[in-house]
There are 2 protein chains.
Amino acid sequence: MQNKIYALILAGGAGTRFWPASRASLPKQLLPLVGSSALISQTAERVLPLVGWERLLVATGKHLMEQTAELLTELLAGNMLVEPAPRNTAPCIGWAAFRVARTDPDGVLIVLPSDHHVQDLEAFGEALAAAVRSAAGGMITTIGIHPTHPETGYGYIEVAEDLTGIEALPALRFVEKPDRERAEAFVEGGRHLWNAGMFIFRARDMVAAIRAHMPALAEGLEAIDRAAAAGEEDAAVERIFPTLPSISIDHGVMDHLEQFAVVPGDFGWSDVGSFQTAWELADKDMAANAAPQGTVLLDARRNLVMDLRKKAPERRVIALVGVEDLVVVETDDALLVVPRARSQDVKEVVAALKARGDGKLV
Amino acid sequence: MQNKIYALILAGGAGTRFWPASRASLPKQLLPLVGSSALISQTAERVLPLVGWERLLVATGKHLMEQTAELLTELLAGNMLVEPAPRNTAPCIGWAAFRVARTDPDGVLIVLPSDHHVQDLEAFGEALAAAVRSAAGGMITTIGIHPTHPETGYGYIEVAEDLTGIEALPALRFVEKPDRERAEAFVEGGRHLWNAGMFIFRARDMVAAIRAHMPALAEGLEAIDRAAAAGEEDAAVERIFPTLPSISIDHGVMDHLEQFAVVPGDFGWSDVGSFQTAWELADKDMAANAAPQGTVLLDARRNLVMDLRKKAPERRVIALVGVEDLVVVETDDALLVVPRARSQDVKEVVAALKARGDGKLV
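Residues numbered from 1 in each chain as written. Chains lettered and ligands numbered in written order. Predicted model: local features only at pLDDT ≥ 70, side-chain atom pairs only at ≥ 80, totals over all residues.

Our next topic: the domain arrangement of chain A. All names here are of chain A. For chain A, the assigned domains read domain 1 (5-270) and domain 2 (275-361). Domain 1 puts 11 residues into the contact, and the matching count from domain 2 is 15 residues. Residues belonging to the side of domain 1 that touches domain 2 are distributed by class as follows: seven nonpolar, three polar and one charged. (Domains from an automatic or database assignment. Contact = placed C-beta atoms within 7 Å. Nonpolar A, V, L, I, M, F, W, Y, C, P; charged D, E, K, R; others polar.)

If you look at the interface, chain B gives 33 residues, while chain A gives 33 residues. When residues of the side of chain B that touches chain A are traced back to their parent elements, those giving at least two are strand E12 (296-298), strand E14 (317-321), strand E15 (326-331), strand E16 (334-339) and helix H11 (346-355) of chain B. Broken down by element, the side of chain B that touches chain A gets its largest block of residues, six residues, from E16(B). Of the residues assigned to the side of chain B that touches chain A, the class counts are 22 nonpolar, one polar and 10 charged. Where strand E14 (residues 317-321) of chain A and E16(B) come together, four bridges link them in parallel fashion. Bridging across to E16(B), Ala319(A) finds its partner in Leu336(B). (Helix = DSSP H or I, 4+ residues; strand = E, 2+ residues; numbered from the N terminus. Pairing = 2+ DSSP bridges.)

Turning our eyes to something else, we now look at the relation of the copies chain B and chain A. One copy of the chain maps onto the second through a rotation about an axis and a displacement along it. Superposition record for chain B on chain A: RMSD 0.1 Å, screw rotation 179 degrees, translation along axis 0.1 Å. Given the turn and translation reported, the copies of this chain are related as if by a two-fold rotation axis. Minimal C-alpha distance to the rotation axis in chain B is attained by Val337(B), lying at 4.4 Å. A shared interface surface links the copies, since 100% of the contact residues of chain B are contact residues in chain A too. (Least-squares fit on C-alpha atoms with pLDDT ≥ 70 in both.)

Okay, the sheet that holds E14(A) next. Note: strands within a sheet are paired through backbone hydrogen bonds, in either parallel or antiparallel orientation. Taken in spatial order, the five strands of this open sheet run E12(A)-E14(A)-E16(B)-E15(B)-E13(B), and their pairing is mixed. Two strands close off the open sheet at either side, each with one partner strand: strand E12 (296-298) of chain A together with strand E13 (304-307) of chain B. Neighbouring strand axes in the sheet, compared pairwise and without regard to direction, differ in orientation by 5 degrees on average. Across the face of the sheet, H11(B) comes into contact with E12 and E14 of chain A together with E16 of chain B while running at roughly 130 degrees to E12(A). (Axes fitted to C-alpha atoms, helices over the stretch in contact; angles between N-to-C directions.)

Below, the structure written as C-alpha cells:
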C-alpha cells in the first residue's frame, strides 16, 4: 500500500525586507513578488497535484487568517492551523504531524515554507518524489539546494559523500550560517547544500522524534490531539499553543536525530530575499525593466517597478525617464524609491518609521 | 494727479514641462511649484499692494476659469477676462487696454505672466515703480532681466547704452532666442536683457499703438468695447475674440514702436522652466532635498519630491533610500521618477502618452 501524502505550508512569517510591499499585516508570502500570483498561491499549486485540497494544511497566525483564506479560496476551513501566538516552526510542524498521525500514521507529510520561489517545477517534482520515497521508508528527509554561490545568509546541510544524483543521501548535520570563508569552502568542497526549510517525513516518525527529543512539546501536542479527537481542538490550541516551547524544527528535532536524509535539489530555488532577487526572477523587457504593463519607460534600464495599490483610481500611469537600477514600489499608503543594489537597506525605513511613531505603516 | 495703476495677469498658458504635476487642464501657474501657494497666487500677491482687487484683471482660458477662481477667491467676477479661444498675447492685452482706456485712459496697466517666480520682492517693487513712472510719462515700457548666463531659451531686449541703474532706459529692439554663441556675446556685451514678458503702459498708449500697428485687432477690440459699454461684453467676446489675429504683443506691437523703454531688473527672477529650476528655488534640508514634511530620506541627497495628490488617503509616506539628484512627482493618476538633470525630458513622456492614446493623462 502506498502512503498517502499530506502537505503543510508554513505561512506565519513576517518581514521587513519588502517594505512597503510587505507589512507586519501583509508578509511576503501574501504578495505577488514574482509572477502574477502570491508566493503562497504558487507554493500551494506546486503541491496540490500530490495532495489535493483535502490533504493540504496551512499554518498561519491569527492576524493573517483572513488574507490567507482570500488567496487560497478552496482551502478547507479545518485545514488552516491557526497559531494563537508565534512559536517558531517546531510546535506547528508537530501539531500537523500529530494531527495526521491520529488517522494516518503512515501518511507522509511535506512541509514547505510559503514564501519561496521555484523555477523548474519538473525538477522540483522529482526532488519531492525522491524525498517522499525516502520518508516512506521511515527516514526524516529534507531537500537541500545545490549552492550556486557562497551565501552567508543561509544555513547549510552537510552530507558524508559527494553530491551526485537526485536520490536521498544520508545527511551528517545542519550547519549554522557560515562566514564568508567557510561558505566558500562549502561551495568548493561539494558536500554542503543550502537548508531551504523543507521537511518530508511519515507522521509517525516525526511524532516519535518529538516524543524522544522534545517531551514537553510532545505533551502539549498530545493534549491538543486528545481535545481534537473530542471535537474541542480550537479551545485547546488557544490555551495550550502559546505555552509550547518556541524553537525551530531544526534545533528542536533535526539536530538530535541519529540519522536523517537529504535530497539534493537543483530546481532554480530562491527564498526571494530582497527586491534585488524579485527583479532577478521577474519577467523583464528588452531593457531589463520589470514593470507593470502600461508603465512608461523612456531610456530607463534594469528597474523594478511594483504597483501594489488596492484603492487605486481607474487609470494611473507610472513613468520612469532616464533612470537605471532603481526599485520603485507603490502601495496605497507608501511609495519607496531605492537603488536595486541597496534593496537590503529597506529595513532601515521600517526602523525609521517605527522610531518616529509611524508603526502602523510598517 | 497720479495715474491709477491696474494689473493684468496672463494666465492662459499650458505646458508639458511639469508633467505629471502640470496638465493641459492644470498648467503650471495653478501649481505650488515653488513655496506653498500656486505661482499665480504669488503673482497676484506681488501686485495687489499696488492695485487692489478692484483693479486686478486676470486673462485665462475657459477651461481654466474655475480653477483660477478657486485660487484667487477675491478676484472680481467681471475682472476675469475669459478667452473663448487662445489667440496669443496681443488680443488679450489689447482687450485689457481698451477696457481700462474706456474709463481711465491715463491708467497705467502692468502686464505680468502668471507663472514666474521672484525672489527679491523689494527689488521687484522698485523695478515696477520705475516702469510705472516711465509708462506714466507716455512710454510703453518693459522690464528686462539682467542675464546671469547665456540662456538660449529666452528672447532678449537690446538697449543702446550700458546697463546701469534701475531707471527705465531707451530700448532698441526685441531679439529672438539666440544661439549659444550670440547668447554669450549678449551676456559679455552688457547691453542685453532677458525678455520676461512684462509690459507696463498707459491704457491710451497701448490703444493708440494697436490702432497704429494692428488695425484689424483694433477694430475687433473696438467692437467688443462698444458691446461692453452696452453691457453685452460676454456675447461680443464669444463672437469676436476667436476671429482676432493670433499674435504676440512682442511681434504685433512692440516690434513696430518707434521707441519704447526697458527697466533693467535684478530681483531673482525665474520663469520656473523645469523641475530642475523648481528644486533650485525650493527650501531644502541639510542634504539639499526638497521634499514634503514626513518624507523618509535615508542617505538621500539633492532630490526633489512633490506630492500633488488630491484624493490622498489620510496618511501616506514617501521613502527615498540611497538615491541622489532625482525628481519624484506624484499626482492622483501618475507617478514620475526622473533624474533632475533630465527634467527637460519629461515632455517626452507627454508625447509617449499621447502617442499611445492616453491623452487624458496629459
